[in-house]
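Residue-level listing of the chains:
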Amino acid sequence: MKFTLHIWRQKDTTSKGSFETYKMEDVSEHMSLLEMIDVLNEQLISEGKEPIAFDHDCREGICGACSMTINGRPHGNMKGTTTCQLHMRMFKDGDELWIEPFRARAFPVIKDLVVDRSALDRIIAAGGYVTVNTGAAQDANSIPVPKESADLAMDAAQCIGCGACVASCPNGAAMLFTAAKIMQLALLPQGQPERKKRAIAMIEQMDKEGFGACRNYYECEANCPKNISVRFISRMNIEFLSAATAKSM
Amino acid sequence: MAIFSFLRSTVLSKIVMAITGVLLLLFIIGHLVGNLQIYLGPEPLNTYAQFLKSIGEILWIVRIVLFVSLVLHIITSLYLSSINNSAKPVKYQVVNYAKAKINSRSMLVTGIMIFAFITYHLLHFTFGITNPEHYEQHELTVKKAYVLPGNVSEEQLKSMPKNCFVEQNILTERHDVYKMVVLGFRNPFISLAYIVAVVLLGFHLSHAIKSCFHTLGVTGPKFTPWMERCSTIFSIIITLLYVSIPISVLLGLVGGGV
């Protein structure tokens, strides 16, 4: 297969970036998009040029490291897939691909396609955990969890924190990420003791990081590689309202 | 100001947008029900208008609530828009939306245009400033009254039976809203502005109503798709009913006798 790639090149955070065009010939349809860039990088290195920097880790679609926007869609056009699982057979021979880093104020570009997503880590650090006593774990069955709650919590817990929701949102909002991380714990008994404190702390941190607000575009849901539902944002709003009113009493 | 401290939180701001939006939507529905009485003729519409003016305090409470809602709705939306713009300083080279339709992406623009129209609409029909010749319409109506018998004190009046008084018809003057609306809409430019504004309003509502449900947490896997369809249909119905009034006037179906 043949492709024309327009890839964003940027030396570092402060320098001005631009698109570079690369022609790719003989691309196997079984390659993932990342593997195609691997091949391109080998070529660039052999020509003595700087290879394209991009984030990747597991290449199994579960770590959330790979972050790039392909033809305007984070992780590409295929639903419920990360970039590493996006295979070239999903494109047409001769396609032109525009590959850009995830765009948001809170995600500054470090180099080329690599962005700094530690703003999401700081939201987690603000309260996205449960505090447990050390010592032997108690018997697993001693805390009953309703099946519906467990299922819903698992749906939220699918979030791999890749930041595609932020990247796809025209407002650069991190509501889907924050909602999934708040609700996965709010739905389970283990999350109850810190439930209200958590909702307030994580949402305050989200606002501090300079993310935008939700305008119900639902781009985040459409581009989430784990198909997380925007209904978690709805639930988060109520979670926040009840926590904020309880705090003021 | 302390009242605007909610703006520090994007989630609270969204909730304020939703609640003020619901209040404004209730007004839009109420106003439509009032307006549709034009199809019943001059008498019911003018009586309704007279009734609205007669309830004084309640009317002012409603007006104040609406005014505060509108101000909060506008300030919050402008503030959120500035946050949203700064949160996405670099746009993508290729714009490829998956779900965001034109109605959701144009909320700020349609909102500003609707506000501009509301201002004009109030100057036209409520304050009678832009076209006083439309506004200054009065009609005479007959009211029943009793003739006061000579020198009687108020105390005595209360103790007197009704049949002591002579009943008479008197003429009173009231605002002729029917004539004002018909004259206003006979101007094709005013009608066109009204129709454009109402279509924009319908467009705004087609995203706004489902957003209200979403923001206020009224969602569910089966409920949400159903609710989204209903809000689209509801927005279309509201738009068509509002638009029907100037069209009926222009076609001469309403207000032929004016």
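The structure presented is a predicted model; accordingly, all values stated were derived computationally and were not measured.

### Considerations on the overall build of chain B
Right, on to step 1. Along the backbone of chain B there are 10 helices and 2 strands.
Right, on to step 2. Moving toward the C terminus, one meets the helices and strands of chain B in the order α-α-α-α-α-α-β-α-β-α-α-α.
Right, on to step 3. In terms of overall dimensions, chain B is more spread out than a globule: its C-alpha atoms have a radius of gyration of 24 Å, far above the 18 Å expected for 258 residues.
Right, on to step 4. When the 258 residues of chain B are sorted by exposure, 40% land in the buried category.
Right, on to step 5. Residue pairs at least 24 apart in sequence account for 78% of intrachain contacts in chain B once pairs closer than 6 positions are excluded.
Right, on to step 6. Summed over its atoms, the accessible surface of chain B is roughly 14800 Å², and 70% of this surface lies on carbon and sulfur atoms.
Right, on to step 7. Between the centroid of the 19 positive side chains of chain B and the centroid of its 11 negative side chains there is a distance of 23 Å.

### Comments concerning the overall build of chain A
Right, on to step 1. Scanning chain A from N- to C-terminus turns up 8 helices and 7 strands.
Right, on to step 2. Dimensions along the principal axes, computed over C-alpha positions, put chain A at roughly 65 × 40 × 35 Å.
Right, on to step 3. In chain A, 70% of the contacts between residues at least 6 apart in sequence involve partners at least 24 apart.
Right, on to step 4. Just so you have it, chain A exposes about 11400 Å², and 52% of that area is on carbon and sulfur atoms.
Right, on to step 5. The centroid of the 28 positive side-chain charges in chain A is displaced by 6 Å from the centroid of its 31 negative side-chain charges.

### A word on the sheet that holds strand 4 (residues 73-74) of chain A
All names here are of chain A.
Right, on to step 1. Spatial strand order, 2-1-5-3-4: 5 strands in an open sheet with mixed pairing. Only two strands of the sheet have a single partner each, and these edge strands are strand 2 (18-24) and strand 4.
Right, on to step 2. Pairing between strand 1 (residues 3-9) and strand 2: 7 bridges, direction antiparallel. Bridging across to strand 2, His6 finds its partner in Thr21.

### Topic: the nonpolar core
Nonpolar side chains in soluble globular proteins tend to be buried together.
Right, on to step 1. Counting residues in hydrophobic clusters, the biggest one holds 50 residues, and the most contacted among them are A:Phe107, A:Phe211 and A:Ile233.
Right, on to step 2. When residues of this core are traced back to their parent elements, those giving at least two are helix 2 (118-125), helix 3 (147-157), helix 4 (164-168), helix 5 (175-186), helix 6 (195-208) and helix 8 (231-248) of chain A together with helix 1 (10-36) of chain B.
Right, on to step 3. Considering every element that reaches this core, the biggest residue donor is helix 5 of chain A, with 8 residues.
Right, on to step 4. Two domains share this core, each providing at least three of its residues, namely domain 1 (3-111) and domain 2 (118-248) of chain A.
Right, on to step 5. Counting 30 residues, the second largest nonpolar core, distinct from the first, contains B:Leu25, B:Ile114, B:Ile245 and B:Val254.

### Overview of the domain arrangement of chain A
Residues and elements named next belong to chain A.
Right, on to step 1. In terms of domains, chain A is made up of domain 1 (3-111) and domain 2 (118-248).
Right, on to step 2. On a C-alpha basis, the centroid separation for the pair domain 1 and domain 2 is 29 Å.
Right, on to step 3. Taken together, the contact between domain 1 and domain 2 spans 17 residues of the former and 19 residues of the latter.
Right, on to step 4. Interface area, domain 1 with domain 2, both sides summed: about 1400 Å², of which 58% is carbon and sulfur.
Right, on to step 5. Sorting the residues of domain 1 by area buried against domain 2 places Pro74, Ala106 and Phe107 first, and these three jointly supply 32% of that buried surface.
Right, on to step 6. Scanning the region where domain 1 abuts domain 2 turns up 0 salt bridges.
Right, on to step 7. A class-by-class count of the residues in the side of domain 1 that touches domain 2 yields 7 nonpolar, 6 polar and 4 charged.

### Some words on the side chain of A:Thr69
Right, on to step 1. With respect to the helices and strands, A:Thr69 occurs in strand 3 (residues 69-70).
Right, on to step 2. A distance of 3.2 Å separates polar atoms of two side chains, one belonging to A:Thr69 and the other to B:Tyr92.

### Some words on the packing of aromatic side chains
Residue and element names in this part refer to chain B.
Right, on to step 1. In the structure shown here, the tally under the stated rule is 11 aromatic pairs over all chains.
Right, on to step 2. Note on Phe117 and Tyr194: the rings are 5.9 Å apart at their centroids and 70° apart in plane angle, and the pair reads as edge-to-face. Placement of the pair is Phe117 in helix 5 (residues 107-126) and Tyr194 in helix 9 (residues 188-215), with a sequence separation of 77 residues.
Right, on to step 3. Judged by its relative accessible area of 15%, Phe117 is buried.
Right, on to step 4. Linked through ring pairs, Phe117, Tyr120, Phe125, Phe185 and Tyr194 together constitute an aromatic cluster.
Right, on to step 5. Over the ring of Trp60 we find Arg63, and its NZ or CZ is 4.9 Å from the ring centre.

### Here we look at the pairing of strand 1 of chain A
On any regular strand, side chains alternate: one points to one face of the sheet, the next to the other face.
Residue and element names in this part refer to chain A.
Right, on to step 1. For strand 1, the tally of buried residues reaches 7 of 7 residues, placing the bulk of the element in the interior.
Right, on to step 2. Where strand 1 lies against strand 5 (residues 96-100), 4 bridges are found, and the strand directions are parallel. Considered in strand 5, the bridge of Leu5 is made with Leu97.

### What to know about unusual backbone geometry
Residues and elements named next belong to chain A.
Right, on to step 1. Unlike most non-glycine residues, Asp112 shows phi in positive territory, near 45°.
Right, on to step 2. Relative to the elements of secondary structure, Asp112 occurs in the loop between strand 6 (109-111) and strand 7 (114-115).
Right, on to step 3. For Asn227, which is not glycine, the phi torsion reads 55° and is therefore positive.
Right, on to step 4. Positionally, Asn227 belongs in the loop between helix 7 (219-223) and helix 8.

### A few points about the environment of A:Leu40
All names here are of chain A.
Right, on to step 1. You can see Leu40 is positioned in helix 1 (residues 33-46).
Right, on to step 2. Once the C-alpha coordinates of Leu40 and Tyr22 are considered, the two residues, 18 residues apart in sequence, prove to be 8.4 Å apart.
Right, on to step 3. The contacts of Leu40, once residues within four sequence positions are left out, are Leu5, Ile7, Tyr22, Met24 and Ile52.

### Some words on the pattern of salt bridges
Right, on to step 1. Inspection of every chain in the model, using the stated rule, returns 12 salt bridges over all chains.
Right, on to step 2. For A:Lys147, the salt bridge identified is with A:Asp151, shortest N-O distance 2.7 Å. Highlighted residues: A:Lys147 and A:Asp151, both in helix 3, separated by 4 residues, approximately one helical turn.
Right, on to step 3. A residue is classified by how much of its surface remains accessible, and A:Asp151, at 37% relative accessible area, is partly exposed.
Right, on to step 4. Between B:Glu139 and B:Arg174 there is a salt bridge, with its nearest N and O atoms 2.7 Å apart. Here B:Glu139 is found in strand 1 (residues 138-147), whereas its partner B:Arg174 is found in strand 2 (residues 166-175), with 35 residues between them in sequence. Per residue, the accessibility class of B:Glu139 equals that of B:Arg174, and both read buried.
Right, on to step 5. Here the salt bridges do not stand alone but share partners, grouping B:Glu43, B:Glu139 and B:Arg174 into one network.

Reading the values: rules and limits
The numbers attached to residues start from 1 for each chain and follow its sequence in the written order. Both sets of labels track the order of writing: A upward for chains, 1 upward for ligands. In keeping with the predicted nature of the model, local features appear solely for residues at pLDDT of at least 70, side-chain atom pairs appear and are counted solely at 80 or more, and the whole-chain, interface and lining totals rest on all residues. Remark: hydrogens and water are excluded; side-chain values derive from all non-hydrogen atoms of the structure. Helical segments are the DSSP runs of H or I of at least four residues, strand segments are the runs of E of at least two, and each set is numbered from the N terminus. Radius of gyration: over C-alpha atoms. The globule rule applied is 2.2 Å multiplied by the number of residues raised to the 0.38 power. Note on exposure labels: buried denotes an accessible area under 20% of the residue type's maximum, exposed denotes more than 50%, and partly exposed covers the range between, all computed with a 1.4 Å probe on protein chains only. Note on definitions: a residue-residue contact is assigned when non-hydrogen atoms from the two residues lie within 4.5 Å. All accessible-area figures derive from a Shrake-Rupley calculation using a 1.4 Å probe, and residue coverage is judged against the displayed protein chains alone. Asp and Glu are treated as the negative residues and Lys and Arg as the positive ones, with His and the ends of the chain left uncounted. Charge positions come from single atoms, namely NZ of Lys, CZ of Arg, CG of Asp or CD of Glu. Here, a strand pair is defined by DSSP locating no fewer than two bridges between the strands. Among the buried residues, those of types Ala, Val, Leu, Ile, Met, Phe, Trp, Tyr and Cys that are joined through side-chain atoms within 4.5 Å form a nonpolar core. Marked domain ranges trace back to an automatic or database domain assignment. Simply put, the buried area is the total loss of 1.4 Å probe accessible area from both parts when two parts are fitted together. A carboxyl oxygen of Asp or Glu within 4 Å of a side-chain nitrogen of Lys or Arg is what we treat as a salt bridge. Charged means Asp, Glu, Lys or Arg here, nonpolar means Ala, Val, Leu, Ile, Met, Phe, Trp, Tyr, Cys or Pro, and polar covers whatever is left, Gly included. Pairs of N or O atoms within 3.5 Å make up the polar contacts considered here, provided that, within protein, one atom can donate a hydrogen while the other can accept it, and that residues adjacent in sequence are counted only when both atoms are side-chain atoms. For this analysis, a ring pair means two rings from Phe, Tyr or Trp (six-membered ring only for Trp) whose centres lie within 6.5 Å, classed as stacked if their planes differ by under 30 degrees, edge-to-face if by over 60, and tilted for the remaining angles. Whether a charge sits over a ring comes down to the Lys NZ or Arg CZ being within 6 Å of the ring centre and within 35 degrees of the ring normal.

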